[in-house]
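# Understanding the architecture of this molecule
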Amino acid sequence: MPPLLESLIEPFVALFGPSHRVHLPYLLCSVGFVTLAWIVARRRVARASLGRWLFPRKLFFHASSRFDVAWCVVRGLVHAVLVWPFRVGALGIAMAIAGFALEHVGRSGLVAPADRTWLFVAFTVALFVADDLTRYGVHRTMHAVPALWEIHKVHHSADLLTPLTLYRVHPIESALNQARGVLTAGLVTGVFVWLYPGKLRAIEIFGVDAIGFLWTMAGASLRHSHAFVAWPAPLERIFVSPAQHQLHHAKFAKVSSNYGSALAIWDLLFGTLRIATRERPPRVGLVRAERNHERTLISALVDPVRASLSRIVGHDLGRRSSPPRTAAPRP
Ligand SMILES: [Zn+2]
Ligand SMILES: [Zn+2]
């Protein structure tokens with residue numbers, strides 16, 4: 001399929017493909033989670049009926065939700081040009097790293113077991129952990145570096161979280177993430193190929209990496225939703241709950257926290273974890289002073305870049321629209 005067409009229809013085809021978080025069975029699984037939460041904590045979390053609580057009207061008619069749908073189309077168009085080239089390369093990087101290690105360090109001397117199953121398990125886990133760590137690093141950097149924060153604001157501009165908010169990401173951030181993913185996979189694969197030359201593969205379920213599949217089945221789609229679901233306290237320190245990510249999107253948060261994607265241990269290790277067990281559902285979005293674009297497709301594409309360049313050159317390059325002054329980036 002041509003890359004342009006593939007990019008355009010991706011969020012919608014994703015409903016039927018297990019490699020995406022909005023895959024239909026994942027979403028149904030998430031509905032199951034929410035139903036369970038509604039039953040367990042009915043009085044505290046919801047007075048509405050289950051149907052109304054799961055699918056509130058504003059979910060479909062809110063301007064933020066409509067923008068998410070429109071953004072998916074634009075994202076597809078821009079992705080075809082910006083992101084697609086990154087889809088190749090992990091294997092090349094892996095071979096380059098393995099070759100470099102072989103040339104400069106020599107053979108690892110390790111012998112792979114006759115039954116390589118545990119090697120495949122270790123490779124799958126290493127890929128998942130490394131990918132999650134670099135996601136944390138890039139996400140935190142997007143908040144810490146002023147020029148990148150202007151770009152990341154597109155994702156935080158959602159005033160209401162729906163599973164499609166996952167795709168509300170500026171193409172520059174998507175490209176950075178694609179490059180991060182390719183480099184991480186290439187690095188881990190290269191190290192494994194050097195350590196244990198020979199057959200190597202990640203364990204998959206339905207053609208998707210096994211841990212990613214299980215993680216997504218465990219309610220990852222709820223991260224961008226109105227369902228404020230937290231894990232039991234000890235688990236909150238290990239796995240990112242939907243509520244943790246919703247706290248990351250909090251509108252009035254003074255300190256940014258919860259940069260993690262799947263594992264909360266990075267936030268715990270680097271002192272940015274804010275567990276969700278005792279919190280209340282936050283209002284999400286950007287405070288007015290931090291907005292750098294209007295809720296139109298052109299503005300969301302162009303104005304964050306202009307704001308980012310303004311940060312780099314050190315003076316205001318002006319805006320197509322006229323939002324208020326930009327506040328200092330979150331720490
Ligand atoms: Zn963020
Ligand atoms: Zn998010």
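Rules used in this analysis
Residues numbered from 1 in each chain as written. Chains lettered and ligands numbered in written order. Predicted model: local features only at pLDDT ≥ 70, side-chain atom pairs only at ≥ 80, totals over all residues. Heavy atoms only, no water. Helix = DSSP H or I, 4+ residues; strand = E, 2+ residues; numbered from the N terminus. Buried < 20%, exposed > 50% of the residue type's maximum accessible area, 1.4 Å probe, protein only. Donors = N, O, S within 2.8 Å, 3.2 Å for Na, K, Ca; no water. Tetrahedral: all angles 85-135°; square planar, octahedral: opposite > 155°, others 65-115°. Core = buried A, V, L, I, M, F, W, Y, C linked by side-chain atoms within 4.5 Å. Phe/Tyr/Trp six-rings, centres within 6.5 Å; stacked < 30°, edge-to-face > 60°. Polar contact = N/O pair within 3.5 Å; in protein donor to acceptor, adjacent residues only side chain to side chain. Contact = heavy atoms within 4.5 Å. Salt bridge = Lys/Arg side-chain N within 4 Å of Asp/Glu carboxyl O. Patch = residues over 30% accessible without salt bridge, like charges linked within 9 Å, V, L, I, M, F, W, Y side chains within 5 Å. Areas by Shrake-Rupley, 256 points an atom, 1.4 Å probe, with all protein chains shown as cover. Axes fitted to C-alpha atoms, helices over the stretch in contact; angles between N-to-C directions. Parallel < 35°, antiparallel > 145°, perpendicular 65-115°, else oblique. Left-handed = near helix turned anticlockwise from the far one by under 90°. Nonpolar A, V, L, I, M, F, W, Y, C, P; charged D, E, K, R; others polar. Lys, Arg positive; Asp, Glu negative; His and termini not counted.

### Section: the overall build of the protein
Each helix and strand in the protein was counted, giving 15 helices and two strands. Classification of the 331 residues of the protein by burial places 44% in the buried group.

### Some details on the coordination of the zinc ion (ligand 2)
Every protein donor of the zinc ion (ligand 2) is listed here as His155 (NE2), His224 (NE2), His245 (NE2) and His249 (NE2), and their distances to the metal cover 2.0 to 2.2 Å. Coordination at the zinc ion (ligand 2) comes from four donor atoms whose angles at the metal span 94 to 155°, giving a geometry best classed as irregular.

### Describing the nonpolar core
Judged by nonpolar contacts, Phe128, Tyr136, Trp215, Ala220, Tyr259, Ala262, Leu263 and Trp266 together constitute the single largest core of eight residues. Grouped together as the second largest cluster of nonpolar side chains are seven residues, Leu119, Ala130, Val188 and Phe192 included.

### A closer look at the packing of aromatic side chains
With the rule as written, the count across this model stands at four aromatic pairs. An angle of 20° between the planes, with centres 5.8 Å apart, marks the rings of Phe67 and Trp71 as stacked. Pair noted here: Phe67 and Trp71 are both in helix α6 (residues 63–82), with a separation of four residues, about one helical turn. Side by side, Phe67 and Trp71 carry an identical accessibility label, which is buried. Members of the aromatic cluster, connected to one another through ring pairs, are Tyr136, Tyr259 and Phe270.

### Here we look at the side chain of Asn258
Locating Asn258 in the fold gives a position in the loop between α13 (242–248) and α14 (265–269). For Asn258, a relative accessible area of 1% gives the class buried. Among the polar contacts listed, one links the side chain of Asn258 to the backbone nitrogen of Arg274, at a separation of 2.7 Å. Residues within four places of Asn258 in sequence aside, it is in contact with Gln244, Leu247, His248, Asp267, Thr272, Leu273 and Arg274.

### As for the coordination of the zinc ion (ligand 1)
When a metal carries six donors in an octahedron, the ideal angles between them are 90 or 180 degrees, while four donors in a tetrahedron ideally lie at 109.5 degrees. Protein-derived ligands of the zinc ion (ligand 1) are His139 (NE2), His143 (NE2), His152 (NE2), His156 (NE2) and His248 (NE2), with the metal-ligand distances lying across 2.1 to 2.2 Å. Read in sequence order, the donor residues for the zinc ion (ligand 1) give the motif H-x3-H-x8-H-x3-H-x91-H. Highlighted residues: His152 in helix α9 (residues 146–156) and His248 in helix α13, separated in sequence by 96 residues. The same class applies to His152 and to His248, which are both buried.

### Observations regarding the environment of His62
Counting through the fold element by element, His62 comes out in the loop between α5 (57–61) and α6. The exposure class of His62 is partly exposed, given its relative accessible area of 25%. Counting along the chain gives 97 residues from His62 to Asp159, while the straight-line C-alpha distance between them is 8.8 Å. The residues touching His62, leaving out its near neighbours within four places in the chain, are Asp159, Leu160 and Arg295.

### Overview of α9
Of all 11 residues that make up α9, nine are buried, and the element is covered over most of its length. Of all the residues in α9, the buried ones are Ala147, Trp149, Glu150, Ile151, His152, Lys153, Val154, His155 and His156.

### Considerations on the pattern of salt bridges
Counted by the stated rule, this structure contains seven salt bridges. Overlapping salt bridges, with partners in common, bring together Asp131, Arg135 and Arg180 in one network.

### Looking at a nonpolar patch on the surface
On the surface, Leu309, Ile312, Val313 and Leu317 cluster together into a nonpolar patch covering about 360 Å² of accessible area. Within the secondary structure, Val313 sits in helix α15 (residues 297–313).

### A closer look at the packing of helix α7 (residues 90–104) against helix α10 (residues 171–195)
Packing of α7 against α10 brings their axes to within 7 Å, and their N-to-C directions diverge by 40°. When the axis of α7 is compared with that of α10, the two are oblique. The way α7 lies across α10 gives a crossing that is right-handed. On α10, the residues touching Ala90, Ile93, Ala94, Met95, Ile97, Ala98, Ala101 and Leu102 of α7 are Val182, Leu183, Ala185, Gly186, Leu187, Thr189, Gly190, Val191, Val193 and Trp194. Residue composition of the contact of α7 with α10, grouped by class: 15 nonpolar, three polar and no charged.

### Structural notes on the side chain of Glu173
Mapped onto the secondary structure, Glu173 falls in helix α10. For the buried residue Glu173, which engages in no salt bridge, the nearest side chain bearing the opposite charge is Arg135, 8.8 Å off.

### With respect to the environment of Ala220
By the element assignment, Ala220 lies in the loop between α11 (210–217) and α12 (233–236). Along the chain, Ala220 and Pro242 lie 22 residues apart, while their C-alpha atoms are 6.7 Å from each other.

### Section: the packing of α9 against α15
Taken N-terminus to C-terminus, the directions of α9 and α15 make an angle of 165°; their axes are 7 Å apart at the nearest point. Judged on the interaxial angle alone, α15 and α9 are roughly antiparallel. The interaxial crossing formed by α9 with α15 has right-handed handedness. For the pair α9 and α15, the contacting residues are Pro146, Ala147, Glu150, Ile151 and Val154 in the first and Ala300, Pro304, Val305, Ala307, Ser308, Arg311 and Ile312 in the second.

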